[in-house]
Amino acid sequence: MTNKILNYNIHDILKIQIAREEHFDLMRGLDLELSYFRSEVNLEPDIYFYIGKFIPSNKDCYLVDHRYYIRNNYFYCKDSLGRESWEVEINSFEYGKTVVNYSYSYKTWNSKALISRFSIETFLLRPLIYYKLSERGYFMIHSAGVSKNGEAYIFPARGGAFKTTFVMDFIKKAKFNYLGDDRVILHRGEVLSFPAHLILFNYIYSNKNNEYLNLMDKIRFVNSLRQNNYYNVNVPIVKSAKLKLVCFIEKTNKSNVIIQKLDLKDAIDKLIDSTKMEMSSISDNIVGFSLGPYYRYMQAYSYVFPESKVAKYWDELKQNYKAILKGIPIYQIIFPEEYDDRVFQEILDVVEGGL
Amino acid sequence: MNAGYYNIENLVKFALIGPRRFSNSYRYSNYKVDFISDNELDLIIRLNSFKPDIKDCSILDDKYYIRKNYFYCKEDDYKILRWEVEIKNLESLPIHVNINLKPSLLKIMNVSYILLEGIIIDPLIHYILTLKKCALIHASCIAREDEGFMFIARGGAGKTTIATHLIGKGFNFISDNYTILTPEKDVIGFIEPLNIFTYNLNKNIRVNFIRKTELKIKSLIYKLSKEYIKLFTRINPLDIFTNIDKKTKLRATFLLLPCNEAKNTIQLFRISKDKLTKHICYNQILEFPYFDRYITVYSYVLPNSIMSEHWENYRNLLDNNLCENIYLIKIPQIINKDVTEIILGAINNDKQDTKL
């Protein structure tokens, strides 16, 4: 079997190489999520992710829960989630150039298998990207982001808060540019774009007014993937902009819109919790929610090495968020379950007026 | 609907209401009492279908509904167990919990209640204990002459085995899985029936032939299901051990880290209290992953709440109440006599140190 190699270059900060055995993969999972960063040149990767059979070198390890094999800078386990199971070895878990070996085995063949297979990979790689970026002084957060005249406005939120829809509204109705509808990267006073699932966003942006896809939309979307138009994107993306305003978005079942200022301390705590949820979530447009594996791997490693960089990760992240957000105006918008023009107008007012 | 009342050493009083097999819990059977009046209860858990009271909530990930003192999770799952849970009065006692199990194969079996106890009830007991300035530690504990020795480890690492070995050497039993550390620096056992799986069966636990066969079959199921179905056999320590202490002063703590090192050497060294505290916190977080998630979700909406400071409060309790004699011991995957000897040596030496 030959290996297919894919390269991704995230703003020249982090380079990822994925090698996998060729197989039929309808959704082209990882490729779908990171397509914007696809590079045709072979790069010296910071994360090398091999998908296929491998033999682990898990000697001289501490054992946690009969399952996690841990030694300095090394992690290995056989794991399962629901009905899916996999085996993963992470060399340089704590520092250095990371080499991941990953293999997936079907417990039962079901129609979901095609989708969940890529999910597990994604949910290992995604937190790893968070971790590796912050090692370099770049901090990915779960947030929408738009820009105008070189100034960035970011909207940290949890899932289901219409991030995608109002980012589309910003672009279509108010001529803003796109930084991200799910994640952005913070670095000093700057916001860098992170167009995750750009192809999906582009599909919604080009064909729909809101983020909800019915079955026909999904079929059309999967069909459009076959045409391989990876670089044919209509979305006005900018690479980076100066951080101007932070506005947390929270969906509630209250009936009115509330806009309030948010303390720096509260904002930092919220971002930390959100990142924790991201690193422990299986959240996706296609798959449901459950407890994801990587956060647990970090905790198992921290249990063995409580003074490691992995264990100190959250405390350091707090300091870094603080340095970035200091002096930036921070708001919180609480809005009702029904997103409509009125809600968008409120958000736009905050952004344009600075209150 | 049946109600079962439980009183854990006058520290946590709770009621389980639901089907008989749920209310009449085997796990908490050592603490069952006839009745506790409503105003004395710290925790009331109902297992039944319910209508969540989700008005004025923040909605996260289209799954969690949060407002001050209130938490609702629409659906969560572990393996094939699925449930929804509502927690009211989170930050001031008594806590009211509603749990509804969604239809699944497990629902018709006892095992679903056992899983729920581990996923939701144990962590809530841990949380209430923390509110009452007591720290629940995932540790076994034994005592000799009014001095307690605690063994901290992850599941299956040898907590129970080492404790039972040492009981064979004349120590008294305090607890096998959870130990409570009080502000008076006492350790108290929170005795849940032993989870016997073949790997921690040793000669100090006497089981009859039928039990032994049962264990072997369960072990076979574990292997055949590719480690998916793990069936424990529960044995109540109070039925096995005769010398039981309720409470004692903590004298020394051992952190057990199993290792698959080829040389199989056992290493013992002292570590600082600060480091041990961190180990224990991660142990507890690993033990209660769903609860940890619920805290994170709640804190996201209410960053200045008691709940959001839970792990910090827990750490402070450990910091204040743990004693200084702390050892980390690297042990082989399968506990042998040498491990017990080395620990016994450390316990005896420790005693000599103080006499000098």
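Residues numbered from 1 in each chain as written. Chains lettered and ligands numbered in written order. Predicted model: local features only at pLDDT ≥ 70, side-chain atom pairs only at ≥ 80, totals over all residues. Heavy atoms only, no water.

1. Some remarks on the interface of chain A and chain B
Piece 1. With 47 residues of chain A at the contact, the number on the chain B side is 50 residues.
Piece 2. Between chain A and chain B the total buried area reaches about 4400 Å² when both faces are included, carbon and sulfur atoms providing 52% of it.
Piece 3. Our enumeration of links across chain A and chain B arrives at four salt bridges.
Piece 4. Run the count over chain A and chain B and you get 23 residue pairs in polar contact (both at pLDDT 80 or more).
Piece 5. If you list the elements that add at least two residues to the side of chain A that touches chain B, you get β5 (62-64), β15 (240-252), α6 (264-279) and α7 (294-304) of chain A.
Piece 6. Per-element accounting of the side of chain A that touches chain B gives the leading share, eight residues, to α6 of chain A.
Piece 7. Taken together, the residues of the side of chain A that touches chain B break down into 17 nonpolar, 13 polar and 17 charged. (Contact = heavy atoms within 4.5 Å. Buried area = accessible area lost by both parts, 1.4 Å probe. Salt bridge = Lys/Arg side-chain N within 4 Å of Asp/Glu carboxyl O. Polar contact = N/O pair within 3.5 Å; in protein donor to acceptor, adjacent residues only side chain to side chain. Helix = DSSP H or I, 4+ residues; strand = E, 2+ residues; numbered from the N terminus. Nonpolar A, V, L, I, M, F, W, Y, C, P; charged D, E, K, R; others polar.)

2. A short note on the domain arrangement of chain A
Residues and elements named next belong to chain A.
Piece 1. Per the domain assignment, the segments making up chain A are domain 1 (3-135) and domain 2 (139-353).
Piece 2. Taken together, the contact pairs 48 residues of domain 1 with 49 residues of domain 2.
Piece 3. When the two sides are added together, the surface that domain 1 and domain 2 hide from each other amounts to roughly 4400 Å², 69% of it contributed by carbon and sulfur.
Piece 4. One salt bridge in this structure joins Asp65 and Arg296, with 3.4 Å as the shortest N-O distance.
Piece 5. Linking domain 1 to domain 2 there are eleven residue pairs in polar contact (both at pLDDT 80 or more). (Domains from an automatic or database assignment.)

3. Looking at the pairing of strand β14 (residues 190-194) of chain A
Each regular strand shows side chains that alternate between the opposite faces of the sheet.
All names here are of chain A.
Piece 1. Of all five residues that make up β14, four are buried, and the element is covered over most of its length.
Piece 2. Here strand β13 (residues 183-187) pairs with β14 via five bridges, running antiparallel. Within β14, the residue paired with Leu186 across the bridge is Val191.
Piece 3. The antiparallel pairing of β13 with β14 creates a hairpin that spans two residues between the two strands, and Arg188 there sits at a positive phi of about 50°.
Piece 4. Pairing analysis gives three bridges linking β14 to β15, with the strands arranged antiparallel. Bridge pairing links Leu192 to Ser240 in β15. (Buried < 20%, exposed > 50% of the residue type's maximum accessible area, 1.4 Å probe, protein only. Pairing = 2+ DSSP bridges.)

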